[in-house]
Amino acid sequence: MLRDLQKGEDPQLRAAIAVISQLSPDLLLLTDFDYDFDAVALTALAGALDYPHHFAARPNTGLQTTADLDGNGRFGEARDAQGYGRFSGDGGMAILSRYPIDPNAVTDLSALLWSDLAGATQPSTMTADVKAIQRLSTSGHWIVPVETPIGLVTLLAYAATPPVFDGPEDRNGLRNRDELRLWEQVIDGQFQIQPTDFVMLGNANLDPVDGEGYSTAMAAFLANPRLHDPHAGRDTADWPEDGPGNLRVSYVLPASTWRVTDAGVFWPLPGDADAVLLGDDGLAAGVHHLVWADISRGP
């Protein structure tokens with residue numbers, strides 16, 4: 001990725017940079033972004049987009065264990081990492097910001113064991129040895145406060161496992177649901193910290209109506225009175241129709257303490273002036289579209 005950033009020739013990176021530059025959000029969460037310890041690639045991307053501040057912590061993706069987490073009798077594979085990953089940092093998260101982020105003020109819940117979540121539902125096939133080390137977060141759960149001109153904005157950022165690619169034990173489906181339930185407990189004050197003036201954002205990999213996974217869990221979460229849902233009924237990803245098809249899987253959900261002044265999903269139709277930003281085939285920037293919301297103070 002760093003090489004492609006430096007060359008400036010990769011069509012996906014060029015399309016993604018064009019979309020981000022067009023919308024120019026003040027705070028931006030990137031998912032499926034590879035992590036490196038010195039943030040060399042993230043610094044390069046932030047420079048290309050003129051973001052003066054960024055944050056990333058080591059994700060669970062690619063964080064290898066010594067256990068056979070998926071129970072297939074083999075060790076050291078991508079599915080034996082805390083979160084699926086072929087190498088450490090594969091497909092992590094990153095935040096770009098116009099405003100300073102104090103890394104010492106970040107609360108990182110990514111090390112929470114799945115079994116330590118209140119009411120967790122784990123596969124019946126999961127052994128005690130695996131339960132003793134298996135973390136809940138696929139990539140991470142971050143609580144990131146950012147001081148902005150409208151006051152403190154607390155980002156609740158995550159990227160959940162897709163509720164597929166497993167077997168009848170439904171390991172990924174159950175984990176996906178519990179990754180969302182962690183935010184439910186945080187927001188409702190059932191956890192160690194209850195943030196105020198927050199914005200929950202990320203790739204939940206869960207549609208409230210269609211697709212695989214526990215859709216009713218997503219629908220219930222969206223009905224939480226502590227949240228605004230400014231994108232109700234809007235898809236955010238366009239997989240091929242012979243696959244998952246169009247689904248709503250990415251979210252920007254401001255707390256009800258904010259006033260949402262505008263919101264949308266960047267999804268220009270063919271022929272629209274902005275369609276060229278997505279690339280010649282409309283998919284060069286990736287199947288996931290940028291989800292955004294403008295917020296201000298007020299009920």
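Rules and cut-offs
- Residues numbered from 1 in each chain as written.
- Predicted model: local features only at pLDDT ≥ 70, side-chain atom pairs only at ≥ 80, totals over all residues.
- Heavy atoms only, no water.
- Buried < 20%, exposed > 50% of the residue type's maximum accessible area, 1.4 Å probe, protein only.
- Helix = DSSP H or I, 4+ residues; strand = E, 2+ residues; numbered from the N terminus.
- Pairing = 2+ DSSP bridges.
- Contact = heavy atoms within 4.5 Å.
- Expected span 1.5 Å × (residues − 1).
- Lys, Arg positive; Asp, Glu negative; His and termini not counted.
- Salt bridge = Lys/Arg side-chain N within 4 Å of Asp/Glu carboxyl O.
- Polar contact = N/O pair within 3.5 Å; in protein donor to acceptor, adjacent residues only side chain to side chain.
- Axes fitted to C-alpha atoms, helices over the stretch in contact; angles between N-to-C directions.
- Core = buried A, V, L, I, M, F, W, Y, C linked by side-chain atoms within 4.5 Å.
- 1 Å grid on protein atoms, 1.4 Å probe; cavity = no way out; pocket = protein on both sides within 12 Å on 5 of 7 lines; lining within 4 Å.
- Points joined across faces, edges and corners; volume = space filled by probe spheres on them.
- Nonpolar A, V, L, I, M, F, W, Y, C, P; charged D, E, K, R; others polar.
- Arc of directions from axis to C-beta.
- Phe/Tyr/Trp six-rings, centres within 6.5 Å; stacked < 30°, edge-to-face > 60°.

Asks: Pulling in residues and values, what's your account of the pairing of strand S3 (residues 92-97)?
Replies: Judged by how many residues are buried, S3 sits mostly within the fold: six of six residues are covered. When strand S1 (residues 27-33) meets S3, the two strands line up antiparallel, connected through six bridges. Looking across to S3, one finds that Thr31 is bridged to Met93. Here strand S2 (residues 53-55) pairs with S3 via three bridges, running antiparallel. Counted as the bridge partner of Phe55 is Ile95 from S3.

Asks: Outline the environment of Val130, listing residues and values.
Replies: Mapping Val130 onto the fold places it in helix H4 (residues 128-131). Residue classification places Val130 among the buried residues on the basis of a relative accessible area of 7%. In this structure the C-alpha to C-alpha distance between Val130 and Ser115, which are 15 residues apart in sequence, comes to 9.9 Å. Discounting residues that sit within four places of it in the chain, Val130 has contacts with Asp68 and Leu69.

Asks: Summarise helix H5 (residues 171-187); cite the residues concerned and give the values.
Replies: Taking 1.5 Å as the rise per residue, H5 with 17 residues should run 24 Å; its terminal C-alpha atoms sit 25 Å apart, in good agreement. With 14 of 17 residues buried, H5 is to be regarded as a mostly interior element. Of the residues one or two after H5, Gly189 is the one with positive phi, at around 75 degrees.

Asks: Any chance you could break down the sheet that holds strand S6 (residues 151-159) for me, citing the residues and the numbers?
Replies: Whether parallel or antiparallel, the strands of a sheet pair through hydrogen bonds between backbone atoms. Reading across the sheet, the five strands line up as S4-S5-S6-S7-S10 and stay open at both edges, with mixed pairing between neighbours. The open sheet is flanked by strand S4 (107-108) and strand S10 (250-254), the only strands paired with a single partner. Summarising the sheet, S6 and strand S7 (residues 198-203) pair through six bridges and their orientation is parallel. Bridge assignment links Tyr158 to a residue of S7, and that residue is Gly202.

Asks: Could you give me a rundown of the side chain of Asp207, with the residues and numbers involved?
Replies: The topology assignment puts Asp207 in the loop between S7 and helix H6 (215-222). Although Asp207 lies buried, it forms no salt bridge, and the closest oppositely charged side chain, Arg248, sits 6.9 Å away as judged by the N-O distance. Engagement of the side chain of Asp207 in a polar contact is seen with the backbone nitrogen of Val209, the distance being 2.7 Å. One polar contact links the side chain of Asp207 to the main-chain amide nitrogen of Asp210, over a distance of 2.8 Å. Contacts of Asp207, omitting those with residues within four sequence positions, involve Ser215, Met218, Asp235, Leu247, Arg248, Val249 and Tyr251.

Asks: Describe in detail the sheet that holds S3, supporting the description with residues and values.
Replies: In spatial order, the strands read S1-S3-S2; together these three strands make up an open sheet with antiparallel pairing. In this open sheet, the two strands that pair with only one neighbour each are S1 and S2. For this sheet the average axis-to-axis angle between neighbouring strands, irrespective of direction, equals 20 degrees.

Asks: Any details on the nonpolar core? Residues and values, ideally.
Replies: Membership of the largest hydrophobic core comes to 52 residues, with the highest contact counts inside it found for Val144, Trp183 and Phe221. With near-sequence residues (within four places) excluded, Phe221 lies in contact with Leu180, Trp183, Glu184, Ile187, Met200, Leu227 and Leu253. Val19, Ile20, Ala39 and Leu277 belong to the second largest nonpolar core, which has 19 residues in total.

Asks: Hey, could you go over empty space enclosed by the protein for me, with residue numbers and the actual values?
Replies: All told, the structure shown has one cavity of 30 Å³ or more when counted by the stated rule. Within this model, the largest cavity holds a volume of roughly 30 Å³. Lining the largest cavity, in full, are Phe33, Asp34, Tyr35, Asp36, Ala39, Leu42 and Ala56. Of the residues contributing to the lining of the largest cavity, the split by class is five nonpolar, no polar and two charged.

Asks: Describe H6, listing the residues and the values that go with them.
Replies: Turning to H6, its buried residues number three or more, namely Ser215, Ala217, Met218, Phe221 and Leu222. The buried side chains of H6 occupy one side of the element, clustering within an arc of 160 degrees when seen end-on.

Asks: Give me the lowdown on the packing of aromatic side chains, citing residues and values where you can.
Replies: The tally for this structure, following the rule as stated, stands at two aromatic pairs. Ring geometry for Phe55 versus Trp142: centroids 5.1 Å apart, planes at 85 degrees, classification edge-to-face. With Phe55 in strand S2 and Trp142 in strand S5 (residues 141-148), the pair connects residues that are 87 residues apart, well separated along the chain. On the accessibility criterion, Trp142 (1% relative accessible area) is buried. With a centroid separation of 6.2 Å and 90 degrees between ring planes, the pair formed by Tyr158 and Trp183 is classed as edge-to-face. Within this pair, whereas Tyr158 is found in strand S6, its partner Trp183 is found in helix H5, the two being separated by 25 residues in sequence. Given the relative accessible area of 0%, Tyr158 is considered buried.

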